[in-house]
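Structural overview
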Amino acid sequence: MTRTEFWQGNIACAEGALAAGCRFFGGYPITPSTEVAEHMAAKLPKKGGVFIQMEDEIASMASIIGASWTGSRAMTATSGPGFSLMMENIGYAAMTETPCVVVNVQRGGPSTGQPTMAAQGDMMQCRFGSHGDYSTIALCPSSVQEMFELTARAFNLADQYRVPVFLMADEIIGHMREKIIVPDAMEQVARKPLVKGTLPFRPDNDLIPGFPQFGKGYGVHVTGLTHDERGYPCATNPNLHEALVRRLVDKIELARDTIASDFEIINPGAEQVFIAYGAPVRTVQQVLHDRLNDNIGFLRLRTVWPFPEKALARFKNVKQFFVPELNLGQMAREIERHVRVPVVSLPKLGGNLHTPEELESALEEAR
Amino acid sequence: MSFEDWYRQDRLPHIFCAGCGNGTIINCTLAAIEQMDWKKEDTVFVSGIGCSSRAPGYIVTDSLHTTHGRALAFATGVKMANPDLNVVVFTGDGDLAAIGGNHFIHACRRNIDITVVCMNNQIYGMTGGQGSPTTPKGCLSSTTPYGCAEIPFDLCELAIAAGANYVSRWTSYHVKELEKAVRAGFETPGFSFIEALVQCPTAFGRRNKFRQVSDQIEYMKSHALIRAKRDRMIEAGEHVPEDMIVVGELARRNRPAMGVKP
């Protein structure tokens, strides 16, 4: 059974979280993500969950990590300036392998920038923003439907891989209202519990250790310092540090094909191929709709990090990739690393979407 | 059962310097826990960064050694998500009052049901002795080589003004009183703040004319002024010397609290 609703993207995000079993939200008001927090504030108490408005985004991120260690599915939502503040504890979550979900409804930056206008300028920040080497997972919705579905998926990925997972939305998708088909329930992948008697940070074959939930008698010590498999600080052993950091990266990168397999491919035989994620997807869809006979290819990304590089090889005849983004070419540069054909970056700043005409003239120019 | 059973024997030796006061404060805290009859599996220690924040790593329960200054924000998440847990925070003056100052006042304001034990050594010990928000005026540190020019925070007054239900201050000399204060903090629903002044011979004492460990303990003993006596002195119009350390229970009240075990 499903039901049909007409929702704003941010509301769909909050509802997706609730459907996924999220029971803790720690946040701080910021445009254009605030509706997520407001909806959680209204709904969570009725489901026996906890909503808490923290004193800043540093504390918001800290609170969801604390809640996660008690076994709760926990999330926060923010935008650029708050995302920058969260970087400190995002690194802590990566180092301590704490499952959590961070929604970033992107707005124009840098700094306070354009609070009410859309952008995709934080795509590199969500991958590399905290200091040190680590890997994370980032999902990009391009419809209200996907705000719901990808938020729910983010919780499963966070629990399975024990990382912070980012829902990298943008102001357009967050504030857009459209039809959504709401499922009655979402599949929930439970955290793999630590087998009693095993070391808390000794990984299994998938490179992920079982989760020792607080309050269950594990007596686990969790630290952001480089730690051994007992969880004890051991910050001066070069081999131990390298092995730990490589595992934190590999547990995501080696599972790339599983995590990032949710891309959509249209016209794989095309010579001209668009690659898009988030709001620019909508303009590309319009161009494809308007130029049915033009045989234009399209790679639509839902998972952006880890980057699904194998999807690029599916376009056997491609001569040019076109990458419209609401930034100065952040993902275009990542795509360039993986292909030998020209990658045409189509950046757009200021908050408006590309028009179909802008994308069409880019195609014409390149012919 | 003894409070010593709460230590992780396999973590020894610890990192604290010879003569450090932190071990005394940890002992007092664990002794108070022993009196409360808390179970290890129901107890979580949270800390930030600094010498004092290494304490949870030596205790057998679940523990979260977090980022600098943020312990109270992490602890808020733990306690709100599972109010059945007893949450104790170890922190220091730099961790709590400088980088974590905002989290401190908001945790007091929320009056969230956790107990905070602050080991105030009046210096950044782990980084080698820089001035902190509680370094007394005129004292020497590696970043105040001509004497600290700033006015220090009174952490207890801050906690009281911000709304904590229980506030007391003692020193590493006053072990029995401190143990009782920590226990009173555990027993009081809402935010409990216990400040424990500690000697730091390595980073503070040697720069400030406390040549022996016992010199600084002696100083804390001779300069401790019980709050009741301080109040009587003020009533009688007597002058209270500025270098006296006001100790004792400074607040115990029953404001509405958050995260209390149902």
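The rules we used
Residues numbered from 1 in each chain as written. Chains lettered and ligands numbered in written order. Predicted model: local features only at pLDDT ≥ 70, side-chain atom pairs only at ≥ 80, totals over all residues. Contact = placed C-beta atoms within 7 Å. Helix = DSSP H or I, 4+ residues; strand = E, 2+ residues; numbered from the N terminus. Nonpolar A, V, L, I, M, F, W, Y, C, P; charged D, E, K, R; others polar. Pairing = 2+ DSSP bridges. Axes fitted to C-alpha atoms, helices over the stretch in contact; angles between N-to-C directions. Parallel < 35°, antiparallel > 145°, perpendicular 65-115°, else oblique. Left-handed = near helix turned anticlockwise from the far one by under 90°.

**Quick word on the interface of chain A and chain B**
With 34 residues of chain A at the contact, the number on the chain B side is 30 residues. At the level of elements, β2 (22-27), β3 (50-53), α3 (57-69), α4 (80-96) and β10 (221-223) of chain A are the ones that each hand at least two residues to the side of chain A that touches chain B. Per-class residue counts for the side of chain A that touches chain B are 18 nonpolar, twelve polar and four charged. Here three bridges tie β10(A) to strand β2 (residues 62-65) of chain B, and the two strands are oriented parallel to one another. Note on β2(B): the bridge partner recorded for H221(A) is S63(B).

**Brief notes about the sheet that holds strand β8 (residues 245-252) of chain B**
Here we have nine strands laid out as an open sheet, ordered β10(A)-β2(B)-β1(B)-β3(B)-β4(B)-β6(B)-β5(B)-β8(B)-β7(B), and mixed in their pairing. At either end of the open sheet lies a strand with only one pairing partner, and these are β10 of chain A together with β7 (224-226) of chain B. In this sheet, neighbouring strand axes are inclined to one another by 20° on average, regardless of whether the strands run parallel or antiparallel. Of the pairings in the sheet, the one linking strand β1 (residues 43-47) of chain B to strand β3 (residues 86-92) of chain B comprises five bridges and is parallel in character. Among the inter-strand pairings, F45(B) is bridged to a residue of β3(B), identified as V88(B). Sitting on the sheet, helix α8 (residues 227-235) of chain B touches β7 and β8 of chain B, and the angle it makes with β8(B) is about 100°.

**Focus: unusual backbone geometry**
Cis peptide bonds are those with omega within 30 degrees of zero, and the linkage from G109(A) to P110(A) qualifies with 5°. Examined against the element boundaries, P110(A) turns out to sit in the loop between β5 (100-108) and β6 (114-118). Going from L12(B) to P13(B), the amide bond is cis rather than trans, its omega being 5°. Position of P13(B) among the secondary structure elements: in the segment before α1 (22-36). Of note in the backbone geometry, E97(A) takes a positive phi value of approximately 55° without being a glycine.

**Let's talk about the packing of helix α1 (residues 9-19) of chain A against helix α2 (residues 34-43) of chain A**
Residues and elements named next belong to chain A. Relative to each other, α1 and α2 sit at 45°, their axes nearing to 8 Å. The angle between the axes of α1 and α2 places the two elements in the oblique class. Regarding α1 and α2, the two cross each other, and that crossing is right-handed. Note on element contacts: α2 touches α1 through E35, V36, H39, M40 and K43, opposite N10, I11, C13, A14 and L18.

**With respect to the sheet that holds strand β12 (residues 272-276) of chain A**
Pairing between the strands of a sheet comes from backbone hydrogen bonds, and it takes one of two forms, parallel or antiparallel. All names here are of chain A. Reading across the sheet, the five strands line up as β11-β13-β12-β15-β16 and stay open at both edges, with mixed pairing between neighbours. On the outer flanks of this sheet lie β11 (264-266) and β16 (343-347), each paired with one strand and no other. Adjacent strand axes in the sheet meet at a mean angle of 15°, parallel and antiparallel pairs treated alike. Pairing geometry for strand β15 (residues 320-325) and β16, over five bridges, is parallel. Bridge pairing in β16 places E325 opposite P347. Packing of helix α10 (residues 280-290) onto the sheet brings it into contact with β11, β12, β13 (296-300) and β15, and relative to β13 it is tilted by some 155°.

Keep in mind these values describe shape, not function.
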